[in-house]
2 protein chains.
Amino acid sequence: MGIGDDAAVIHPKGAREYLLITTDMLLEGIDFRLEWTTPRCLGCKAIAVNMSDLAAMGARPLYFTVSLALPAEISERWIADFYDGLTDPAHSMGAQLIGGDLSLSEEEVSIAITAVGESRRQRVLYREGGRAGDVLYVTGVLGRSAAGLRLLQTGHRNSRSRLRQEAIHAHQSPEPRCDAGLWLAQCGSVRCMMDLSDGLSMDLPRLCAASGVGAEIDAEKLPVYSGSRRWKLDPAELALHGGEDYELLFAVPEAKSYRFEDAYPPHLPGVTRIGRLTGDPGKIWMIDREGRRWPLLERGYDHFRRRPEQKQ
Amino acid sequence: MGIGDDAAVIHPKGAREYLLITTDMLLEGIDFRLEWTTPRCLGCKAIAVNMSDLAAMGARPLYFTVSLALPAEISERWIADFYDGLTDPAHSMGAQLIGGDLSLSEEEVSIAITAVGESRRQRVLYREGGRAGDVLYVTGVLGRSAAGLRLLQTGHRNSRSRLRQEAIHAHQSPEPRCDAGLWLAQCGSVRCMMDLSDGLSMDLPRLCAASGVGAEIDAEKLPVYSGSRRWKLDPAELALHGGEDYELLFAVPEAKSYRFEDAYPPHLPGVTRIGRLTGDPGKIWMIDREGRRWPLLERGYDHFRRRPEQKQ
């Protein structure tokens with residue numbers, strides 16, 4: 001089926017379902033720091049990133065493989081904890097470890113995971129397919145992971161505050177939206193979907209580019225993580241540009257949107273209507289209550305551009 | 001189907017064939033050096049390592065994904081050449097690029113490739129299945145890649161000698177034995193198989209362990225790369241311990257072995273009878289013409305142990 005968005009889609013001869021394959025690499029110093037996490041949390045995060053790619057296309061996780069490169073000083077205990085961190089959440093999402101590769105690195109830990117999922121009834125959601133007028137939704141809360149990262153950067157790793165721990169946990173062990181992604185792909189109302197890995201300001205333009213549309217975001221409707229205000233962080237700033245939330249961004253035709261909201265199962269992470277797609281390709285606007293509008297500038301994470309907070 | 005040997009084996013519901021999935025990571029400084037190769041050759045090698053894993057189980061290559069982490073100073077031209085190096089040989093083997101991931105690294109190039117293949121008629125060859133008395137074979141020549149590595153290490157990268165170029169090329173752009181692997185899996189005579197990535201002295205014990213047998217190698221029958229003698233290298237030493245030949249090692253029941261050799265297609269890389277499996281688990285012996293025997297010691301490449309020639 002060629003190159004997908006968050007995952008590649010293949011159709012094995014005679015198989016009832018499509019298979020989706022996604023691969024991601026996490027590198028020490030770029031994607032994580034050993035001193036800010038535990039091996040178990042690192043395993044959780046590595047698997048979450050890949051499961052989120054499957055969730056983003058509406059696939060059910062089946063299998064994963066792990067390639068791991070470790071410097072010689074990493075202990076066996078570390079490796080065992082890391083694997084537990086990988087396999088425990090993976091099993092709870094239905095994915096089984098089926099292979100891997102372990103090698104020596106010079107200095108840094110590198111992790112490459114490939115995950116395989118299947119789409120039920122061949123319903124795969126792509127980034128393309130959105131149309132002008134569609135309602136934009138996100139799952140969950142945006143900016144909590146970025147708040148957690150800021151806390152880590154300012155030395156709060158071992159904070160006893162529950163709120164701080166919660167934000168740090170969201171950064172260290174994000175929860176991929178597998179069940180929600182699967183339901184959204186099956187419900188028949190969603191036209192396009194992706195996961196938010198680099199922040200809304202980076203990811204929404206990708207969805208719009210794939211669908212050939214623009215978008216308007218209702219600034220006050222964003223499900224921001226208000227807890228970050230306590231730490232003198234700007235919740236809206238983190239929600240727009242923070243990244244690593246691994247929530248789902250998707251579009252539903254306006255006419256179906258209320259029925260969709262009624263049908264959405266309450267046990268899944270909540271969804272919020274944040275704006276709409278427009279017929280002005282590539283233009284992304286923020287709109288406030290008074291109707292004032294300003295362009296949403298890309299300030300999330302991109303390849304070959306460092307996150308500002310990682311410049312040291 | 002659980003964890004395989006060189007690749008994981010899965011059976012999608014309703015599909016006619018098994019799918020095989022393999023993943024490998026190549027790291028700068030450990031698996032390659034940028035100053036000893038070109039981006040195109042590096043791409044060739046990265047894809048060869050994975051295709052060889054599929055060949056080792058008798059699978060036909062279908063798809064692959066690439067995760068690439070590059071330092072900021074790598075040029076677009078380099079990336080384009082690397083991708084050509086990946087995709088040109090992959091296409092000629094029937095494999096299509098279906099996805100990937102590009103990210104920034106601090107200093108070094110990391111490459112993780114996942115390849116997907118299918119086994120025709122569900123005939124997969126594992127490392128297990130060999131029995132005492134089976135005849136051991138290898139494809140091609142052993143030790144040429146290691147000779148090429150030694151030449152690179154001693155400053156012969158730009159040698160104009162055709163023989164030197166040939167050895168260096170074998171190291172930089174190994175040819176995975178896809179067609180041979182597929183034929184061997186289909187012919188019905190082969191009991192177990194693997195590819196030689198770490199050298200016979202490391203890999204043969206793995207085959208023996210999986211099959212619960214021992215082995216005897218006829219020292220003078222090894223298809224060594226005699227060209228290395230010109231450079232004062234020991235061809236037998238390189239054939240046993242060199243690694244990265246990506247030839248196939250497999251076993252055929254003695255009673256079928258002559259018919260097997262007659263049926264083996266002449267257009268495929270030649271196969272050589274190098275010894276036999278024995279009922280003495282874990283014991284691997286070298287035997288010379290006079291019947292003298294000595295144990296084959298593991299001195300190939302292993303994870304968490306550097307190749308001696310890479311210590312600097």
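Residues numbered from 1 in each chain as written. Chains lettered and ligands numbered in written order. Predicted model: local features only at pLDDT ≥ 70, side-chain atom pairs only at ≥ 80, totals over all residues. Heavy atoms only, no water.

Q: Teacher, can you tell me more about the overall build of chain A here?
A: Each helix and strand in chain A was counted, giving 8 helices and 12 strands. Its C-alpha radius of gyration of 19 Å places chain A within 12% of the 20 Å reference for a compact globule of 312 residues. When the backbone C-alpha atoms are referred to their principal axes, chain A occupies close to 55 × 55 × 35 Å. Counting across all 312 residues of chain A, residues that qualify as buried make up 62%. Within chain A, residue pairs in contact and separated by at least 24 positions form 82% of the contacts whose partners lie at least 6 positions apart. Element-wise, carbon and sulfur atoms account for 47% of the exposed surface of chain A, whose accessible area totals about 12,700 Å². Averaged over its 38 positive side-chain charges, chain A has a centre that lies 6 Å from the centre of its 43 negative ones. (Helix = DSSP H or I, 4+ residues; strand = E, 2+ residues; numbered from the N terminus. Rg over C-alpha atoms; globule rule 2.2 N^0.38 Å. Buried < 20%, exposed > 50% of the residue type's maximum accessible area, 1.4 Å probe, protein only. Contact = heavy atoms within 4.5 Å. Areas by Shrake-Rupley, 256 points an atom, 1.4 Å probe, with all protein chains shown as cover. Lys, Arg positive; Asp, Glu negative; His and termini not counted. Charge placed at Lys NZ, Arg CZ, Asp CG, Glu CD.)

Q: Please explain the environment of Ala7(B) as it appears in this structure.
A: With respect to the helices, strands and loops of the structure, Ala7(B) is situated in the segment before β1 (8-10). In this structure, Ala7(B) is in contact with Leu20(B), Ile21(B), Thr22(B), Asp53(B), Leu54(B) and Met57(B), ignoring residues within four places of it in sequence.

Q: Any chance you could explain the sheet that holds strand β4 (residues 96-104) of chain A here in plain terms?
A: Within a sheet, adjacent strands bond to each other through the backbone by hydrogen bonds, running parallel or antiparallel. Residues and elements named next belong to chain A. Pairing in this open sheet of 5 strands is mixed, and the strands run β1-β2-β5-β3-β4 from one edge to the other. Looking at strand neighbours, the two that pair on one side only are β1 (8-10) and β4, the edges of this open sheet. The sheet shows a mean angle of 15° between the axes of neighbouring strands, direction not considered. One ladder, built from 9 bridges, connects strand β3 (residues 60-70) with strand β5 (residues 110-119); its direction is antiparallel. (Pairing = 2+ DSSP bridges. Axes fitted to C-alpha atoms, helices over the stretch in contact; angles between N-to-C directions.)

Q: Explain helix α6 (residues 200-211) of chain B to me, please; I cannot follow it from the model alone.
A: Side chains three or four residues apart in an α-helix point the same way, a direct result of the helix having 3.6 residues per turn. Residue and element names in this part refer to chain B. The terminal C-alpha atoms of α6, which comprises 12 residues, lie 16 Å apart, in line with the 16 Å expected from a rise of 1.5 Å per residue. The buried fraction of α6 is high, at 9 of 12 residues. Among all positions of α6, only Leu 200, Ser 201, Met 202, Asp 203, Leu 204, Pro 205, Leu 207, Cys 208 and Ser 211 are buried. A positive backbone phi angle near 65° is found at Gly 212, which sits one or two residues after α6. (Expected span 1.5 Å × (residues − 1).)

Q: Hey, could you run me through the relation of the copies chain B and chain A in this one?
A: Mapping one chain copy onto the other needs a rotation about an axis and a shift along that axis. Once chain B has been moved 0.0 Å along the axis and rotated by 180°, it coincides with chain A to within an RMSD of 0.0 Å. In short, the pair behaves as if placed about a two-fold rotation axis. Judged by C-alpha distance, Ala15(B) is the residue of chain B that lies nearest the rotation axis, at 1.9 Å. A symmetric contact is evident, with 100% of the interface residues of chain B recurring at the interface of chain A. (Least-squares fit on C-alpha atoms with pLDDT ≥ 70 in both.)

Q: Just to check I follow, could you spell out the sheet that holds strand β7 (residues 192-196) of chain A for this structure?
A: All names here are of chain A. The strand order across the open sheet built from 7 strands is β7-β9-β6-β10-β8-β11-β12, with neighbouring strands paired in mixed fashion. At either end of the open sheet lies a strand with only one pairing partner, and these are β7 and β12 (293-295). Taking each pair of neighbouring strands and ignoring which way they run, the sheet shows an average axis angle of 30°. Strands β7 and β9 (247-252) of the sheet are contacted by helix α5 (residues 178-187), whose axis makes an angle of about 15° with β9.

Q: Please clarify how unusual backbone geometry should be interpreted in this entry.
A: Generally, phi is negative for residues other than glycine and the peptide bonds are trans, each holding for most cases. Despite not being glycine, Lys232(A) shows a phi value in the positive range, around 60°. With respect to the secondary-structure elements, Lys232(A) resides in the loop between β8 (214-218) and α7 (235-241). With a phi close to 65°, Glu244(B) is a non-glycine residue in the positive phi region. Topologically, Glu244(B) is positioned in the loop between α7 (235-241) and β9 (247-252).

Q: Please clarify how the pairing of strand β10 (residues 271-278) of chain A should be interpreted in this entry.
A: A regular strand places its side chains so that they alternate between the two faces of the sheet. Residues and elements named next belong to chain A. Bridge analysis of strand β6 (residues 135-139) against β10 gives 5 bridges, and the strand direction is antiparallel. Looking across to β10, one finds that Val 138 is bridged to Thr 272. Both β8 and β10 contribute to a ladder of 4 bridges, which runs antiparallel. What sits directly across from Glu 216, in β10, is Arg 276.

Q: Sorry, what's going on with the interface of chain B and chain A here?
A: It is common to give the size of an interface as the accessible area lost on bringing the parts into contact. Taken together, the 48 residues of chain B in the interface contact 49 residues of chain A. Summed over both sides, the interface between chain B and chain A buries roughly 4,300 Å², with carbon and sulfur atoms accounting for 63% of that surface. Joining chain B to chain A, the criterion identifies 2 salt bridges. One salt bridge connects Glu118(A) with Lys13(B), and the closest N-O pair in it is separated by 3.1 Å. Across the chain B-chain A interface, the total number found is 7 residue pairs in polar contact (both at pLDDT 80 or more). Mapped onto the side of chain B that touches chain A, the elements with two or more residues apiece are β1, β2 (18-27), β3 (60-70), β4 (96-104) and β5 (110-119) of chain B. Looking at the side of chain B that touches chain A element by element, the count peaks at 9 residues for β4(B). Each residue belonging to the side of chain B that touches chain A can be placed in one class, and the counts come to 23 nonpolar, 15 polar and 10 charged. (Buried area = accessible area lost by both parts, 1.4 Å probe. Salt bridge = Lys/Arg side-chain N within 4 Å of Asp/Glu carboxyl O. Polar contact = N/O pair within 3.5 Å; in protein donor to acceptor, adjacent residues only side chain to side chain. Nonpolar A, V, L, I, M, F, W, Y, C, P; charged D, E, K, R; others polar.)

Q: Before we go on, may I ask you to explain the confidence of the model for chain A in this structure?
A: Detailed reading of the predicted coordinates is not advisable wherever pLDDT falls low. Residue and element names in this part refer to chain A. Per-chain confidence: chain A averages 90 in pLDDT, with 95% of residues scoring 70 or above. Counting contacts from residues 302-312, a segment whose pLDDT is below 50, to residues more than four positions away or on other chains yields 28 contacts. Both confidence scores are given for the complex: pTM 0.85, ipTM 0.77. (pLDDT = per-residue confidence, 0-100.)

Q: I would appreciate a short explanation of the pattern of salt bridges in the present structure.
A: Between side chains of opposite charge, pairing is possible as soon as their charged atoms come close. All told, the structure shown has 36 salt bridges over all chains when counted by the stated rule. The salt bridge partner of Glu244(A) is Lys45(A), with a shortest N-O separation of 3.1 Å. Residue Glu244(A) is found in the loop between α7 and β9, and its partner Lys45(A) is found in helix α1 (residues 39-56); the two are separated by 199 residues along the sequence. In this structure Lys45(A) comes out as buried when scored by relative accessible area, which is 7%. In this structure, Arg276(B) and Glu216(B) form a salt bridge, with 2.8 Å as the shortest nitrogen-oxygen distance. Of this pair, Arg276(B) sits in strand β10 (residues 271-278) while Glu216(B) sits in strand β8 (residues 214-218); the two residues are 60 residues apart in sequence, bridging distant segments of the chain.

Q: Explanation requested: a negative patch on the surface in the structure shown.
A: A contiguous patch of negative charge, built from Glu73(A), Glu107(A), Glu73(B) and Glu107(B), is present on the exposed surface. With respect to the element layout, Glu73(A) can be found in the loop between β3 and α2 (76-92). (Patch = residues over 30% accessible without salt bridge, like charges linked within 9 Å, V, L, I, M, F, W, Y side chains within 5 Å.)

Q: Could you clarify how one ought to interpret the environment of Arg120(B) in this entry?
A: All names here are of chain B. Checked against the element boundaries, Arg 120 lands in the loop between β5 and β6 (135-139). In this structure, the C-alpha to C-alpha distance between Arg 120 and Arg 60, residues 60 residues apart in sequence, is 7.6 Å. Aside from chain neighbours lying at most four places away, what touches Arg 120 is Glu 17, Arg 60, Leu 182 and Gln 186.

Q: Mind showing me how you'd approach the environment of His11(B) here?
A: Examined against the element boundaries, His11(B) turns out to sit in the loop between β1 and β2. Polar side-chain contacts of His11(B) include one of 3.1 Å to the backbone oxygen of Ala15(B).

Q: Even after reading the chapter, I still don't get the side chain of Asp203(A), so can you show me in this structure?
A: Residues and elements named next belong to chain A. Relative to the helices and strands, Asp 203 resides in helix α6 (residues 200-211). One polar contact links the side chain of Asp 203 to the main-chain amide nitrogen of Ser 197, over a distance of 2.9 Å. When sequence neighbours within four positions are dropped, the list of residues in contact with Asp 203 reads Met 194, Asp 195, Leu 196, Ser 197 and Asp 198.

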